[in-house]
Amino acid sequence: VGTGKIGPELTFGITMHELKGEPILLIKNAWGGKSLMVDFRPPSGVPLPDGHKHKDKAGAYYKGMMDHVKDVLADPKKVYPEYNAKEGYEVAGFVWFQGFNDLVGPYPPADPAAGKKSVKDYSEYSRLMACFIRDVRKDLGVPKMPFVIGVLGTGGMGANEGTQAFRKAMAAPVELD
């Protein structure tokens, strides 16, 4: 937070402004090297089991993200001087672009008999992503907020079987309530 660096959100914001014809405020959180399994673990995602080496860190970045978003929304004028409190604002969506640390994370093999050659079972990522979406909507008071998941592009069009399995796990929550 506060590094002054930009990424794909810049052109996303410009495009949204052009499409909507109104001001767009993006609240950016971008911490590299974090996972959904531990760092962004949502409150409803069930705590990590006792003895897990990162149990004490679980959800710390989820909390930091929510604190930052709520701080900005409490006084948008701090970051957007032209903000008009009479017009108010709408929390209109959430974009999630994360995943590499989960791709390489400690998920179990889909086929234990295949050993290290097995593709990983990323169903826990899908479950946690669904919990994350529900929790963010609840914590921001926007129960129907659109959620966009930028599926991991590692490997491009020729991504290996493991990356393709992870991409499917990232997209799986769209099929859930």
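Treat the numbers as computed from the prediction; the structure is a model and nothing was measured.

What counts, and at which threshold
- Along each chain, numbering runs from 1 in the same order as the chain's sequence is written.
- In keeping with the predicted nature of the model, local features appear solely for residues at pLDDT of at least 70, side-chain atom pairs appear and are counted solely at 80 or more, and the whole-chain, interface and lining totals rest on all residues.
- Heavy atoms from the whole structure form the basis of all side-chain values; hydrogens and water molecules are not counted.
- The working definition used for a salt bridge is a side-chain nitrogen of Lys or Arg within 4 Å of a carboxyl oxygen of Asp or Glu.
- For the purposes of this entry, the term helix denotes a DSSP run of H or I that reaches at least four residues, the term strand denotes a run of E that reaches at least two, and both are numbered from the N terminus.
- Exposure categories follow from relative accessible area, calculated using a 1.4 Å probe and restricted to protein chains: below 20% of the type maximum is buried, above 50% is exposed, and the middle band is partly exposed.
- Ring pairs are drawn from Phe, Tyr and Trp, using the six-membered ring of Trp, whenever the two centres fall within 6.5 Å, and their geometry is named by plane angle: stacked under 30 degrees, edge-to-face over 60, tilted for the rest.
- In this analysis, two residues are considered to be in contact whenever any of their non-hydrogen atoms come within 4.5 Å of each other.
- Polar contacts, as counted here, are pairs of nitrogen or oxygen atoms within 3.5 Å of one another; within protein the pair requires one atom able to donate a hydrogen and one able to accept it, and residues that are adjacent in sequence qualify only if both atoms are side-chain atoms.

Asker: I tried to follow the pattern of salt bridges on my own but got confused; where do I start?
Answerer: Side-chain pairs of opposite charge can arise where the charged atoms are in close proximity. Summed over the entire model, instances satisfying the criterion amount to six salt bridges. Its salt-bridge partner being Glu 9, residue Lys 28 comes within 3.0 Å of it at the nearest N-O pair. Pair noted here: Lys 28 is in the loop between α1 (9-20) and α2 (60-74) and Glu 9 is in helix α1, with a separation of 19 residues, a long-range link. Residue classification places Glu 9 among the partly exposed residues on the basis of a relative accessible area of 22%. Sharing partners across several salt bridges, the network here consists of Arg 41, Glu 124 and Arg 127.

Asker: When you look at the packing of aromatic side chains in this model, what are you seeing that I'm missing?
Answerer: Aromatic rings considered in pairs are described by the distance between their centres and by the relative angle of their planes. Taken as a whole, this structure holds 13 aromatic pairs when the rule is applied. On the basis of an interplanar angle of 15° and a centroid distance of 4.5 Å, the ring pair of Phe 94 and Phe 147 is categorised as stacked. Within this pair, whereas Phe 94 is found in strand β1 (residues 94-96), its partner Phe 147 is found in strand β2 (residues 147-149), the two being separated by 53 residues in sequence. Each member of the aromatic cluster is reached from another via a ring pair, and the members are Trp 31, Phe 40, Tyr 61, Tyr 62, Phe 94, Trp 96, Phe 132 and Phe 147.

Asker: Is there a simple way to explain the environment of Arg 41 in this structure?
Answerer: Structurally, the position occupied by Arg 41 is in the loop between α1 and α2. Residue Arg 41 is classed as buried on the basis of its relative accessible area of 7%. Note: C-alpha distance between Arg 41 and Thr 11 (30 residues apart in sequence) is 28 Å. Discounting residues that sit within four places of it in the chain, Arg 41 has contacts with Leu 36, Val 46, Pro 47, Leu 48, Ala 58, Gly 59, Tyr 62, Glu 124, Arg 127 and Leu 128. In this structure the side chain of Arg 41 is engaged in a polar contact, spanning 2.8 Å, whose partner is the backbone oxygen of Val 46.

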